[in-house]
Amino acid sequence: MQRKRYAPGHTGSAARTAVALALGLGLGAGLTACSAGTPADDIAVDAKAGQASAPVAPPGRYRTLFEPCGAVPQATLKDLLPGAAALPDTERDKAYRGIAAVTYDTDRRVGCTWKADTPDTSHRLSLDIERVVSYDAAVSDDDRAQEVYVRKQLAAGIPVPPTAPPSPTATATATAPPTGSPTTSATATTTATAPPAKAPTGGPADPSATESATGLEPRVLEGLGDIAFVDDVLSTTGANSHQRAVSVVFRTSNVIVTISYREQSTGSAEAPDSAELQEKARNLARQLAERLEE
């Protein structure tokens with residue numbers, strides 16, 4: 001039998017052409033399917049990108065705290081601890097060095113205490129510095145620190161002034177008595193809204209009873225940090241023993257500084273002088289406020 005001669009290029013070419021056409025059709029169908037799905041994917045991505053993220057409150061100004069025992073100048077300590085001058089050299093140096101408070105995180109809270117005693121008087125000074133951090137992204141460190149400060153001020157019995165005082169016109173309208181009404185009604189309203197005076201623990205005859213008349217009562221302080229107050233408490237233990245505790249608290253951004261200064265006298269009928277102790281504590285507060293501004 002005569003065999004048919006193989007002609008190269010005919011059968012192979014046709015096969016390759018068929019395969020190419022099939023691949024082309026399949027590829028075209030795949031591209032069409034991908035193109036049809038792309039808008040939906042783009043819409044999903046755009047929807048996620050368009051979601052508004054919750055605003056993050058700004059962090060506080062301070063990230064660390066200074067060392068407290070070395071923050072008080074020795075000249076200031078000599079003024080606050082007059083009894084230390086009569087101590088032997090080693091005891092005097094120890095009194096001026098102070099004792100650091102034990103804290104778990106010195107970037108969050110630090111403190112120090114000093115004391116000096118004589119046979120007739122004793123003085124105690126303590127310093128507490130707290131850096132407040134908010135763990136709520138919507139609440140700033142400063143706002144959280146203000147909440148902590150307000151609790152301290154209210155605990156001292158000092159009302160917090162409103163953040164936005166009313167306009168003079170609104171105030172006059174609110175406080176003016178109606179026509180024909182007695183003026184005593186306005187006076188009664190003022191008396192009812194005024195905070196009650198803090199009663200001294202020593203009784204009515206205590207010298208601190210006159211502090212409200214001399215401007216030395218617990219009150220808000222101006223020109224110290226962002227906000228500040230001073231507290232003053234006099235107590236008696238026996239006929240000839242008096243203790244006065246003065247506290248100055250102020251906030252600067254997210255840091256709250258608390259200064260406690262106490263003087264106790266024995267063998268004297270006179271109580272420690274309120275004006276003197278307040279001035280000394282406020283002077284130290286001003287120094288520490290300047291330190292925070294450095």
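Residues numbered from 1 in each chain as written. Predicted model: local features only at pLDDT ≥ 70, side-chain atom pairs only at ≥ 80, totals over all residues. Heavy atoms only, no water.

Please clarify how the overall build of the chain should be interpreted in this entry.
Helix and strand counts for the chain come out as eight helices and seven strands. Sorting the 294 residues of the chain into buried and exposed places 31% on the buried side. Of the contacts formed within the chain by residues at least 6 apart in sequence, a portion of 62% connects residues at least 24 apart. Counting every atom, the chain has about 18,300 Å² of accessible surface; 59% of that belongs to carbon and sulfur. (Helix = DSSP H or I, 4+ residues; strand = E, 2+ residues; numbered from the N terminus. Buried < 20%, exposed > 50% of the residue type's maximum accessible area, 1.4 Å probe, protein only. Contact = heavy atoms within 4.5 Å. Areas by Shrake-Rupley, 256 points an atom, 1.4 Å probe, with all protein chains shown as cover.)

What is the right way to look at helix α8 (residues 274-293) in this model?
Residue pairs spaced three or four apart in an α-helix point in one direction, given the helix's 3.6 residues per turn. Taking 1.5 Å per residue as the helical rise, α8 with its 20 residues ought to reach 28 Å, and the 29 Å between its terminal C-alpha atoms agrees with that figure. Buried within α8 we find Ser274, Leu277, Gln278, Lys280, Ala281, Leu284, Ala285, Leu288, Ala289 and Leu292. (Expected span 1.5 Å × (residues − 1).)

Looking at this structure, I do not really get the state of the cysteines. What am I missing?
Cysteine pairs can be linked by a disulfide, which is a covalent bond between their two sulfur atoms. Taken as a whole, this structure holds one disulfide when the rule is applied. Paired by a disulfide, cysteine 69 and cysteine 112 hold their sulfur atoms 2.0 Å apart. As the torsion about the S-S bond is roughly 105°, the cysteine 69-cysteine 112 disulfide counts as right-handed. Note that cysteine 69 is positioned in the loop between α1 (11-49) and α2 (74-80) and cysteine 112 in strand β2 (residues 109-117), a separation of 43 residues in sequence. When its relative accessible area of 11% is taken as the criterion, cysteine 69 is described as buried. (Disulfide = S-S within 2.5 Å.)

Even after reading the chapter, I still don't get the confidence of the model for the chain, so can you show me in this structure?
Detailed reading of predicted coordinates is not advised where the pLDDT is low. Overall, the predicted model of the chain reaches an average pLDDT of 76, with 64% of residues at or above 70. Within the chain, the lowest mean pLDDT, 36, falls on helix α6 (residues 184-193), and the highest, 97, falls on helix α4 (residues 141-155). Below pLDDT 50 for its whole length, residues 14-38 participates in zero contacts with residues either more than four positions away or in separate chains. Within the model, pLDDT remains below 50 along residues 40-49, and this stretch shows zero contacts once partners closer than five positions in the same chain are excluded. (pLDDT = per-residue confidence, 0-100.)

Would you take a moment to explain the environment of alanine 271 for this structure?
By the element assignment, alanine 271 lies in the loop between β7 (255-266) and α8. Along the chain, alanine 271 and asparagine 240 lie 31 residues apart, while their C-alpha atoms are 8.8 Å from each other.

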